[in-house]
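Structural overview
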Amino acid sequence: MIIETLDNLIEAFVTASPITQALVATLFTWGMTAAGALPVFFTDRENRRLLDILLGFTGGVMIAASYWSLLAPSIEMAGDLAVPAWFPAAVGFLLGAVFLRLADVILPHLHLNAPMEEAEGVSTQWRRTTLLVLAITLHNIPEGLAIGVAFGALAYGFDNASLGAAVALAIGIGIQNFPEGMAVAMPLRREGMGKFKSFWYGQLSGVVEPIAGVIGAAAVLFWEPILPYALAFAAGAMIFVVVEEVIPEAQRSGNADSATMGLMGGFVVMMVLDVALG
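In short, a report on the structure. (Residues numbered from 1 in each chain as written. Predicted model: local features only at pLDDT ≥ 70, side-chain atom pairs only at ≥ 80, totals over all residues. Heavy atoms only, no water.)

All right, on to the overall build of the protein chain then. Summing up its helical and strand segments, the protein chain has ten helices and zero strands in all. Mapped from its N terminus to its C terminus, the protein chain presents α and β elements in the order α-α-α-α-α-α-α-α-α-α. Taking 278 residues into account, the globule formula puts the C-alpha radius of gyration at 19 Å, and the protein chain, at 18 Å, falls close to it. Structurally, the protein chain occupies a C-alpha span of about 55 × 50 × 35 Å along its principal axes. The burial tally for the protein chain puts 48% of its 278 residues in the buried class. Counted over contacts in the protein chain with a minimum sequence separation of 6, partners at least 24 positions apart contribute 80%. For the protein chain, the exposed surface amounts to about 12400 Å²; the carbon and sulfur share of it is 71%. Computing the positive centroid from 11 side-chain charges and the negative centroid from 23, the protein chain places the two 18 Å apart. (Helix = DSSP H or I, 4+ residues; strand = E, 2+ residues; numbered from the N terminus. Rg over C-alpha atoms; globule rule 2.2 N^0.38 Å. Buried < 20%, exposed > 50% of the residue type's maximum accessible area, 1.4 Å probe, protein only. Contact = heavy atoms within 4.5 Å. Areas by Shrake-Rupley, 256 points an atom, 1.4 Å probe, with all protein chains shown as cover. Lys, Arg positive; Asp, Glu negative; His and termini not counted. Charge placed at Lys NZ, Arg CZ, Asp CG, Glu CD.)

Note that Thr-15 resides in helix α1 (residues 2-15). Accessibility expressed as a relative area gives 61% for Thr-15, which makes it exposed. Within polar-contact distance, the side chain of Thr-15 engages the backbone oxygen of Ala-12 at 3.4 Å. (Polar contact = N/O pair within 3.5 Å; in protein donor to acceptor, adjacent residues only side chain to side chain.)

With 22 residues, helix α10 (residues 256-277) should cover 32 Å at 1.5 Å per step; its first-to-last C-alpha distance of 31 Å lies within 8% of that length. Residues of α10 that are buried sit in contact with α3 (48-77), α6 (163-190) and α9 (227-250). (Expected span 1.5 Å × (residues − 1).)

Take helix α7 (residues 195-204) next. All buried positions along α7 are accounted for by Ser-198, Phe-199, Tyr-201, Gly-202 and Gln-203. On the buried face of α7, the contacting elements are α2 (18-37), α5 (128-152) and α6.

Throughout the structure, instances matching the rule amount to three salt bridges. In this structure, Arg-48 and Asp-52 form a salt bridge, with 2.8 Å as the shortest nitrogen-oxygen distance. Taken together, the positions of Arg-48 and Asp-52, both in helix α3 and four residues apart, correspond to about one turn of that helix. Accessibility expressed as a relative area gives 18% for Arg-48, which makes it buried. Two residues, Glu-249 and Arg-252, come together in a salt bridge whose shortest N-O distance is 3.1 Å. Overlapping salt bridges bring together Arg-48, Asp-52, Glu-249 and Arg-252 as one network. (Salt bridge = Lys/Arg side-chain N within 4 Å of Asp/Glu carboxyl O.)

Looking now at a nonpolar patch on the surface. A surface patch of nonpolar side chains, amounting to about 440 Å² of accessible area, comprises Val-98, Leu-102, Val-105, Ile-106 and Val-122. One can find Val-105 in helix α4 (residues 86-106). A residue is classified by how much of its surface remains accessible, and Val-105, at 43% relative accessible area, is partly exposed. (Patch = residues over 30% accessible without salt bridge, like charges linked within 9 Å, V, L, I, M, F, W, Y side chains within 5 Å.)

What follows deals with the packing of α4 against α5. The N-to-C vectors of α4 and α5 enclose an angle of 160°; their axes lie 11 Å apart at closest approach. Regarding the angle of α4 to α5, the classification is roughly antiparallel. Between α4 and α5 lies a crossing of right-handed hand. When α4 is examined against α5, the residues Phe-99, Leu-100, Ala-103 and Asp-104 are found in contact with a partner set consisting of Leu-138, His-139, Ile-141 and Pro-142. (Axes fitted to C-alpha atoms, helices over the stretch in contact; angles between N-to-C directions. Parallel < 35°, antiparallel > 145°, perpendicular 65-115°, else oblique. Left-handed = near helix turned anticlockwise from the far one by under 90°.)

Bringing the packing of aromatic side chains into the picture now. To describe a pair of aromatic rings, one takes the distance between the centres and the angle between the planes. The tally for this structure, following the rule as stated, stands at five aromatic pairs. Measuring from ring centre to ring centre gives 5.6 Å for Phe-99 and Phe-233, while their planes differ by 50°; the resulting arrangement is tilted. Placement of the pair is Phe-99 in helix α4 and Phe-233 in helix α9, with a sequence separation of 134 residues. Residue Phe-99 is classed as partly exposed on the basis of its relative accessible area of 36%. Put simply, the rings of Trp-86, Phe-87 and Tyr-229 touch in pairs and so form one group of aromatic residues. (Phe/Tyr/Trp six-rings, centres within 6.5 Å; stacked < 30°, edge-to-face > 60°.)

Within the largest apolar cluster, 39 residues are counted, with the highest numbers of intra-cluster contacts made by Leu-70, Ile-147, Leu-169, Leu-227 and Met-238. Elements supplying a minimum of two residues to this core: α2, α3, α4, α5, α6, α8 (208-222) and α9. With twelve residues, the top contributor of residues to this core is α9. One finds Ala-34, Ala-185, Met-186 and Phe-199 within the second-largest nonpolar core, a separate group that totals twelve residues. (Core = buried A, V, L, I, M, F, W, Y, C linked by side-chain atoms within 4.5 Å.)

Relative to the elements of secondary structure, Ala-16 occurs in the loop between α1 and α2. Residues Ala-16 and Leu-6 lie ten residues apart in sequence; the distance between their C-alpha atoms is 15 Å.

This part is about the packing of α3 against α6. Between two packed helices, the angle of one axis relative to the other and the distance separating the axes together describe the packing. One can describe the packing of α3 onto α6 by two numbers: an axis separation of 9 Å at closest approach and a directional angle of 150°. By the angle class used here, α3 and α6 are roughly antiparallel. Note on packing geometry: the crossing formed by α3 with α6 is left-handed. Within the contact between the two elements, α3 uses Leu-51, Leu-54, Leu-55, Phe-57, Thr-58, Val-61, Met-62, Ala-65, Ser-69 and Leu-70 and α6 uses Leu-169, Gly-172, Ile-173, Ile-175, Gln-176, Pro-179, Glu-180, Met-182 and Ala-183. For the contact of α3 with α6, the class distribution of residues is 14 nonpolar, four polar and one charged. (Nonpolar A, V, L, I, M, F, W, Y, C, P; charged D, E, K, R; others polar.)

This is the structure we're talking about:
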């Protein structure tokens, strides 16, 4: 009975529209963020070295996904356009980075473990809690977009756009969302916030992914020419996040070597997922 139910669910997912598939996939990644916040109910303090390894792993997954799942397909899809094959990838990549940089300048937020005086964005009286959650939320936008665009690309039947590759991307991002949920919930708990409230804010940081995923899938479905640009846009935004936030945070506490090995492991896991499933 259970196996039959699973088969029916898988069949329903495979035959669903790309927008529905993107929604389901990003609900999974949101759920992984929530799962990462769950340990706050059982302990008040994280293992900092382990967290840095997991943050490094996050960076490795995002770097690998940016190439294998986004930039490489973008370059291949551009072969039929009346521009050089590298043009959509280069333009989209830079636009993704510029978008995140502008959001960094405008949206009030605070990086993990940073003092309040280092808050970025426009000046505001918002609480530290809100600024911390906004920082992770901002960085989850490109992840949701990447998944949405990957599933939206399935509608056009490109050789390099497969359901397996889109699922691999969702699994990889879901895995790396686990430490992100922990990285938000644990510091809030350590600062004296209640367990449930710490969990709530931890999972809330991932709620933007289903929204961004649906938007990404819908955008490429309604306007096919932007597909290679959209793939590269998501890649540029994710690399910006890795360089500007994930790697510095993973190395802030003196665990640089461990975090680097975590990054290498994350890269390999995402590469294997993409090649094996794609």
